[in-house]
Amino acid sequence: MNHAYFYYMFLGLTVVLAFWKGAGSEKWGAATALSGSLASSLLGFDANWSKLIVDLMLVDLIVLASFWWLSLRSDRFWPYWVTGWQLVAVLVHAQRALFDDILPAPYALMTMYLAYPMLALIICASIKRTRHVGYPQG
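Residues numbered from 1 in each chain as written. Predicted model: local features only at pLDDT ≥ 70, side-chain atom pairs only at ≥ 80, totals over all residues. Heavy atoms only, no water.

## Focus on the packing of helix H1 (residues 3–21) against helix H2 (residues 24–43)
- Look at H1 against H2: their axes get within 8 Å of each other, and the N-to-C directions meet at 155°. Between H1 and H2, the interaxial angle falls into the category roughly antiparallel. Note on packing geometry: the crossing formed by H1 with H2 is left-handed. For the pair formed by H1 and H2, the contact residues are Tyr7, Tyr8, Leu11, Thr14, Val15, Ala18 and Phe19 on the first element and Glu26, Lys27, Ala30, Ala31, Ala33, Leu34, Ser37, Leu38 and Ser41 on the second.
- Looking at the contact of H1 with H2, its residues break down into eleven nonpolar, three polar and two charged. (Axes fitted to C-alpha atoms, helices over the stretch in contact; angles between N-to-C directions. Helix = DSSP H or I, 4+ residues; strand = E, 2+ residues; numbered from the N terminus. Parallel < 35°, antiparallel > 145°, perpendicular 65-115°, else oblique. Left-handed = near helix turned anticlockwise from the far one by under 90°. Contact = heavy atoms within 4.5 Å. Nonpolar A, V, L, I, M, F, W, Y, C, P; charged D, E, K, R; others polar.)

The following block contains the structure:
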């Protein structure tokens, strides 16, 4: 199975669970992940390699800003973890910009594999939010 198809299925599952079971934080996180992924995929069409690196870094900086804003506004802890992983993704872009000997395939896989723990965390937060509905906060 193509990796991109699996990734977008996992992303779709994340978005569905976040909007079905999650609260506002989970919905914002899922929408940010979806927007960033779609923007990154659209930038990949008809782009040369050097321009693509800058464009993807800009998208990931915007996604980082969105997760950071969510971290500051949310009463949940998971957005801090997602923001940290997104910062690592931005640093991977910075490393690629500094060192020309990094090959395109490992670079692309590294940036995509960093998204899985973020999506899994949004799924877990959505499910956990549902389990605690009706219980006293303490």
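Now that the structure has been shown, the text picks up again.
## Remarks on the nonpolar core
- Counting residues in hydrophobic clusters, the biggest one holds 21 residues, and the most contacted among them are Tyr7, Leu11, Phe67, Trp78 and Leu119.
- At the level of secondary structure, the elements contributing two or more residues to this core comprise H1, H2, helix H3 (49–73), helix H4 (78–98) and helix H6 (115–131).
- With seven residues, H6 is the single largest residue contributor to this core.
- For tyrosine 7, the residues in contact, after removing those within four places along its chain, are Ser37, Met112, Ala115, Tyr116 and Leu119. (Core = buried A, V, L, I, M, F, W, Y, C linked by side-chain atoms within 4.5 Å. Buried < 20%, exposed > 50% of the residue type's maximum accessible area, 1.4 Å probe, protein only.)

## Description of the side chain of serine 37
- Mapped onto the elements, serine 37 comes out in helix H2.
- There is a polar contact of 2.9 Å between the side chain of serine 37 and the backbone oxygen of alanine 33.
- In this structure serine 37 touches Tyr7, Tyr8 and Leu11, once residues within four positions along its chain are discounted. (Polar contact = N/O pair within 3.5 Å; in protein donor to acceptor, adjacent residues only side chain to side chain.)

## Some thoughts on the packing of H4 against helix H5 (residues 104–113)
- Running from N to C, H4 and H5 cross one another at 165°; their axes reach a closest spacing of 10 Å. If you check the angle between H4 and H5, you find them roughly antiparallel. In this structure, the crossing between H4 and H5 has a hand that is left-handed. Taken together, the residues of H5 that come into contact with H4 (itself represented by Val92, His93 and Arg96) are Tyr107, Met110 and Thr111.
- Looking at side-chain class alone, the contact of H4 with H5 contains three nonpolar, two polar and one charged residues.

## Quick look at a nonpolar patch on the surface
- Where nonpolar side chains cluster on the molecular surface, the patch consists of Val54, Leu58 and Leu61 and spans about 250 Å² of accessible area.
- The residue valine 54 is located in helix H3 in this model.
- The exposure class of valine 54 is partly exposed, given its relative accessible area of 48%. (Patch = residues over 30% accessible without salt bridge, like charges linked within 9 Å, V, L, I, M, F, W, Y side chains within 5 Å. Areas by Shrake-Rupley, 256 points an atom, 1.4 Å probe, with all protein chains shown as cover. Salt bridge = Lys/Arg side-chain N within 4 Å of Asp/Glu carboxyl O.)

## Concerning the environment of alanine 97
- Mapped onto the fold, alanine 97 is located in helix H4.
- Its relative accessible area of 48% is what places alanine 97 among the partly exposed residues.

## Considerations on the packing of aromatic side chains
- Per the counting criterion, the structure on display carries ten aromatic pairs.
- Centre to centre, the rings of tryptophan 28 and tryptophan 69 are 4.9 Å apart; their planes meet at 45°, and the pair counts as tilted. With tryptophan 28 in helix H2 and tryptophan 69 in helix H3, the pair connects residues that are 41 residues apart, well separated along the chain.
- Look at tryptophan 81 and tryptophan 85: their rings are 5.9 Å apart centre to centre, the planes differ by 45°, and that puts the pair in the tilted class. Of the two residues, tryptophan 81 and tryptophan 85 both sit in helix H4, four residues apart, roughly one turn of that helix.
- An aromatic cluster of at least three residues, connected via ring pairs, comprises Phe6, Tyr7, Tyr8, Phe10, Tyr113 and Tyr116.
- Above the face of the tryptophan 20 ring, lysine 21 is positioned so that its terminal group lies 4.1 Å from the ring centre. (Phe/Tyr/Trp six-rings, centres within 6.5 Å; stacked < 30°, edge-to-face > 60°. Lys NZ or Arg CZ within 6 Å of the ring centre and 35° of its normal.)

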